[in-house]
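# Topology and contacts: notes
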Amino acid sequence: MTKILAIETSCDETAAAVVEDGCSVHSNVIATQIDLHRRFGGVFPEVASRQHVLAIAPVIAQALAEADVSVQTLDAIAVTQGPGLAGSLLVGVNAAKGLAFAAGLPLLAVNHLEGHIYSNWLDAPGRAHGRPPDAFPVLVLIVSGGHTELIEMRGHGRYRRLGGTLDDAAGEAFDKVARLLALGFPGGPAIQQTAARGDPAAFDLPRALRHDPSHRFDFSFSGLKTATLNLTKRLAAQGQDLHDPHLLADLAASFQQAVADVLVDKTVDAALATGAQQVCICGGVSANQTLRATATARLEALSIPLYIPPLVYCTDNAAMIGAAAFYNWRTHPSQEDGLAMDVHASLPLVEEV
Ligand code: KG4
Ligand code: ZN
């Protein structure tokens, strides 16, 4: 039994969790800053790091209390090292260093993207006890506010990047288009809610790089954002009311379907090209119901198992960091990132050559 306290502060959630053996979640505390950033229409880095400073100690204390453990009974402390906002990452990393030093515990640095990948195998109500992949390769689509990546996972900790976005991340596109349509922040949930009553075929928005062989596994979302902007200008010029709930619903649904189509198309193509034994979709945008439904339908038709985390593990959390830390540590038992460990705002997954 390996119990890890994991800490995550890469963006705008201050999170701590106690996870056993990479799957059993004893506590998962998330203090979100969404309300603080809403007035800025996006995450304000300075505000984020100050809020992490205020929240980190109580969040860790709550995670330990809910799991009914003391620091001394843990096996290790894990923390997100990057990628993310440097000022935010620093708060979590310094808290983790302090705890590890005081308790004499190993300190395990975790890549945030690897955390999202391992969020797929966390225990959740209604799911079997932690299901780490038993058959590789696994084709992973990471879709978050900062990343859109297709990765072939050949084993625990063994990654090959197939492609990714050339410009905006999918979550960023949701956030920018939501701002454009004045739907609020964060954009993903706002667009999903508005789109619920809309027709996804109302407007024909571009599916960029869909049939571009030189960018077979790459994405581009900035053109979709511009196309949506141009469409709203055209509709306004025609005298249409951009505050009309039916029009907004159609715009949001058409945009959402365009994103989901291109994400799922390329994921399916990559799964077939790599002979994937299963597909995993993770990151904040994997909470999107249209993406979940589109991916489920396509992969079911091909009889390829699909894993998407339950909603609570789609967006940033520390349980996923504890899961990734466990598998990394099991593969490399000598791993211990000392107190000299630093944060990295940009930190790609280590790839196999
Ligand atoms: O993984 P995450 O919590 O943070 C990053 O690592 O970036 O992802 C946040 C992103 C935001 O862009 C947010 O708008 C998007 O995930 N998101 C969604 C939904 N929920 C969150 N996008 C589409 N549909 C959703 N339901
Ligand atoms: Zn994330």
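Each chain carries its own residue numbering, running from 1 in the direction its sequence is written. A letter from A marks each chain and a number from 1 marks each ligand, given out in the order of writing. Note on the predicted model: pLDDT of at least 70 is required for a residue's local features to be given, and 80 or more for side-chain atom pairs to be given and counted; whole-chain, interface and lining totals, by contrast, use all residues. Only hydrogens and water are removed before side-chain values are computed, so all heavy atoms of the structure are retained for them.

### Some points on the coordination of the zinc ion (ligand 2)
- Around the zinc ion (ligand 2), the protein supplies His-112 (NE2), His-116 (NE2) and Asp-316 (OD) as donor atoms, at distances of 2.0 to 2.1 Å.
- Read in sequence order, the donor residues coordinating the zinc ion (ligand 2) give the pattern H-x3-H-x199-D. On the criterion of helical spacing, the pair formed by His-112 and His-116 is a turn pair, its members being 4 residues apart in helix H4 (residues 112–118).
- By relative accessible area, which is 6% here, His-112 ends up buried.
- Under the scheme applied here, a residue whose accessible area is under 20% of the maximum for its type counts as buried, over 50% as exposed, and between as partly exposed, the area being computed with a 1.4 Å probe on protein chains only. Using a relative accessible area of 0% as the deciding quantity, one classes His-116 as buried. Note that water is not among the atoms considered, so a metal site may appear incomplete; the donors listed are N, O and S atoms within 2.8 Å of the metal, with 3.2 Å applied to Na, K and Ca. Numbering of helices and strands runs from the N terminus; a helix is a DSSP stretch of H or I covering at least four residues, while a strand is a stretch of E covering at least two.

### A look at the environment of Ala-287
- Checked against the element boundaries, Ala-287 lands in the loop between strand E9 (278–282) and helix H9 (289–301).
- When the C-alpha positions of Ala-287 and Thr-80 are compared, they lie 21 Å apart, and in sequence the two are 207 residues distant.
- The contact criterion used is simple: two residues touch if any of their non-hydrogen atoms lie within 4.5 Å. Leave out the neighbours within four places in its chain, and Ala-287 touches Gln-192, Arg-292, Leu-311 and Cys-314.

### Concerning the domain arrangement of the chain
- The domain architecture assigned to the chain consists of domain 1 (3–127 + 313–331) and domain 2 (138–309).
- Placing a centre on the C-alpha atoms of domain 1 and another on those of domain 2 gives a separation of 27 Å.
- Counting residues at the interface gives 23 residues for domain 1 and 24 residues for domain 2.
- Using a 1.4 Å probe, buried area is obtained as the accessible area two parts lose upon being combined, added over both of them. The three residues of domain 1 that bury the most area against domain 2 are Ile-117, Asn-120 and Cys-314, which together make up 31% of that side's buried surface.
- Salt bridge, as used here: a side-chain nitrogen of Lys or Arg that lies within 4 Å of a carboxyl oxygen of Asp or Glu. Our count for the domain 1 to domain 2 interface comes out at 0 salt bridges.
- We call two N or O atoms a polar contact when they sit within 3.5 Å, provided that within protein one can donate a hydrogen and the other can accept it, with sequence-adjacent residues counted only if both atoms are side-chain atoms. Where domain 1 packs against domain 2, one counts 5 residue pairs in polar contact (both at pLDDT 80 or more). An automatic or database domain assignment is the source of the domain bounds shown.

### As for unusual backbone geometry
- The step from Phe-136 to Pro-137 runs through a cis peptide bond, and the omega angle for that step is 0°.
- As for its position among the elements, Pro-137 is in the loop between H4 and strand E6 (138–143).
- Backbone torsion omega between Phe-185 and Pro-186 reads -5°, so that peptide bond is classified as cis.
- The residue Asp-21 is not glycine, and still its phi comes out positive at about 50°.
- As for its position among the elements, Asp-21 is in the loop between strand E2 (13–20) and strand E3 (24–32).

### Topic: the site of ligand 1
- Nearness of a residue to a molecule or strand requires only that one of the residue's heavy atoms be within 4 Å of it. Around ligand 1 there are 19 residues in total, and Gly-145, Asp-175, Gly-188, Gly-284 and Asn-288 lie nearest to it.
- Separating an oxygen atom of ligand 1 from a side-chain N or O atom of His-116 is a distance of 3.1 Å.
- Side-chain polar atom of Asp-175 to an oxygen atom of ligand 1: 2.7 Å apart, as the coordinates give it.
- Note that accessible areas follow from Shrake-Rupley with a 1.4 Å probe, and for residues the cover is restricted to the protein chains shown. For ligand 1, whose unbound accessible area comes to 550 Å², protein coverage reaches 89%.
- Elements with a contribution of two residues or more to the shell around ligand 1: H4, helix H5 (170–180) and helix H6 (187–195).
- For the shell around ligand 1, the leading source of residues is H6, giving 4 residues.
- Polarity classes work like this: nonpolar for Ala, Val, Leu, Ile, Met, Phe, Trp, Tyr, Cys and Pro, charged for Asp, Glu, Lys and Arg, and polar for all others, with Gly in that last group. Grouping the amino acids of the shell around ligand 1 by side-chain chemistry returns 4 nonpolar, 13 polar and 2 charged.
- When residues of the shell around ligand 1 are assigned to domains, at least three fall in each of domain 1 (3–127 + 313–331) and domain 2 (138–309).

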